[in-house]
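# Summary of the model geometry
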Amino acid sequence: MVICIAPVILFLVLVTLVPLVIALTDSLKNLSLTDILQNGEFIGLDNFRTALASGSGIYNSLWLTLVFVAVVVPVELVLGIAVAVFLNRQFRSRRFWITILLIPTMIAPVVVGMIWRFMLMPSFGVATSFFNSVGLFQSVPVLSDSTTALLALMIVDIWEWFPFMMLFALAGLFSMPQEPIEAAYIDGASRWQIFRHIELPLLRPMIILSVMFRAIDASKTFDIVHVLTGGGPGTSTELISVFAYRTSFVSWDLGIGAAICLIIAFVSLLIAALFYKIVSRETGASAR
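The rules behind each value
- Residues numbered from 1 in each chain as written.
- Predicted model: local features only at pLDDT ≥ 70, side-chain atom pairs only at ≥ 80, totals over all residues.
- Heavy atoms only, no water.
- 1 Å grid on protein atoms, 1.4 Å probe; cavity = no way out; pocket = protein on both sides within 12 Å on 5 of 7 lines; lining within 4 Å.
- Points joined across faces, edges and corners; volume = space filled by probe spheres on them.
- Helix = DSSP H or I, 4+ residues; strand = E, 2+ residues; numbered from the N terminus.
- Axes fitted to C-alpha atoms, helices over the stretch in contact; angles between N-to-C directions.
- Left-handed = near helix turned anticlockwise from the far one by under 90°.
- Contact = heavy atoms within 4.5 Å.
- Nonpolar A, V, L, I, M, F, W, Y, C, P; charged D, E, K, R; others polar.
- Core = buried A, V, L, I, M, F, W, Y, C linked by side-chain atoms within 4.5 Å.
- Buried < 20%, exposed > 50% of the residue type's maximum accessible area, 1.4 Å probe, protein only.
- Phe/Tyr/Trp six-rings, centres within 6.5 Å; stacked < 30°, edge-to-face > 60°.
- Lys NZ or Arg CZ within 6 Å of the ring centre and 35° of its normal.
- pLDDT = per-residue confidence, 0-100.
- Salt bridge = Lys/Arg side-chain N within 4 Å of Asp/Glu carboxyl O.

## Quick notes on empty space enclosed by the protein
Here the structure, examined in full by the defined rule, presents 1 cavity of 30 Å³ or more. In this structure, the largest cavity occupies an estimated 50 Å³ of space. If you trace the largest cavity, you find it lined by L77, I81, M165, F168, A169, L203, M206, I207 and S210. For the lining of the largest cavity, the elements supplying multiple residues, two or more each, are α3 (58–87), α7 (146–174) and α9 (191–219). Broken down by element, the lining of the largest cavity gets its largest block of residues, 4 residues, from α9.

Encoded structure:
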């Protein structure tokens, strides 16, 4: 048995534990590829102090990331549940529509970013041409304005990931016991009453899990931002993952970049622990 799972354990160690140890080691060193004086000597927690300093830019990135997650995750959840409820009935083309709706999630985020970048190109983008035809964004392109650039990133993320929420909701609806729903229909309950008082409470643990997974994933969104805006204009779309990338691979401050990545990991663990506590409470209440 141990021999059978040894390759899996080795793989997990190589892709999780080893990078974590390297990042932890680098975060405690004075390490930079642009300054020969920063040759990797041990400096303790100085990199964390520098990363968390008021002028470092990390708080702006954290705020943008919080706004991004707070907008896209609820919209994806509501849209995913609405579409799942619509698809949770028997009709001829249901499998076809489920497959079509899942396509954006199955595309690599880099490819999604490239698709939307071409669509939003100022000169010949399809989306830009449509906007210009109705009198929008004629003077300033979508990705050149700080507000519309962030809004565009949110729309692209929602387009790509709301099917993920839909899939969770569909799994919960398909596995839901039908006896309470049939009894409610017999008692004369409307479709909305059945959804609100029966289906939605039964979906609550699945909703919490999907929100947890999606919130953690959205908080480290990088591919789409890097391809579409690169964090610009200025730093208006510089999410925390992009800020860490710029620190590590543009400024080449590897020690500070490692510290920022560990801060992101710590915040993600806190979010996961919070949601786990909520899920445990919901599971215990359902069992009682």
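## Details of the packing of α7 against α9
As a packed pair, α7 and α9 sit with axes 9 Å apart at the nearest point and diverge in direction by 145°. Handedness of the α7/α9 crossing: right-handed. Contact residues: α7 offers D157, W161, F164, M165, F168, A169, G172 and L173, while α9 offers E199, L203, M206, L209, S210, V211, F213, R214 and D217. Per-class residue counts for the contact of α7 with α9 are 11 nonpolar, 2 polar and 4 charged.

## Concerning the nonpolar core
Judged by nonpolar contacts, the single largest core of 50 residues is most densely connected at F68, V72, V73, L120, M166, V211 and L228. Residue assignment for this core shows that the elements contributing at least two residues are α3, α4 (94–106), α5 (109–119), α7, α8 (179–186), α9 and α10 (223–228). In terms of residues, this core owes the most to one element, α7, which gives 12 residues. I58, I240, I263 and I264 belong to the second-largest nonpolar core, a separate cluster that totals 13 residues.

## Points about the packing of aromatic side chains
A complete count under the given rule lists 12 aromatic pairs for this structure. Here F86 and F91 contribute two aromatic rings whose centre-to-centre distance is 6.0 Å and whose plane-to-plane angle is 45°, an arrangement assigned as tilted. Looking at F86, the relative accessible area reads 48%, which means it is partly exposed. For the pair F130 and F131, a centre-to-centre distance of 5.9 Å together with 55° between the ring planes defines the contact as tilted. Ring pairs connect the aromatic residues W161, F164, F168 and F213, which therefore count as one cluster. Positioned over the ring face of F86 is R89, at 4.3 Å from the centre of the ring.

## A few points about the confidence of the model for the chain
In the predicted model, the chain carries a mean pLDDT of 87, and the fraction of residues at 70 or more is 96%. Ranking the elements of the chain by mean pLDDT puts helix α12 (residues 254–287) last, at 78, and α3 first, at 93.

## Some details on the pattern of salt bridges
Where charged atoms from two side chains of opposite charge approach closely, those side chains can pair. A complete count under the given rule lists 7 salt bridges for this structure. When the shortest N-O distance is used, the salt bridge between R49 and D46 registers 2.5 Å. Of this pair, R49 and D46 both sit in helix α2 (residues 46–51), separated by 3 residues, roughly a single helical turn. A residue is classified by how much of its surface remains accessible, and D46, at 35% relative accessible area, is partly exposed.

## Points about the layout of surface pockets
For the largest pocket, the calculated volume is near 780 Å³. As for the largest pocket, its lining consists of 25 residues, and the residues nearest its centre are A23, C261, L262, I264 and A265. Counting only elements with at least two residues in the lining of the largest pocket, the list comes to α1 (2–27), α11 (240–249) and α12. Of the residues forming the lining of the largest pocket, the biggest block, 10 residues, is contributed by α12. The residue makeup of the lining of the largest pocket, split by class, is 17 nonpolar, 5 polar and 3 charged. Considering only enclosed or pocket space, the second largest pocket measures out at about 230 Å³ in volume. Put simply, the parts of the chain that give the lining of the second largest pocket at least two residues each are α3, α9 and α12.

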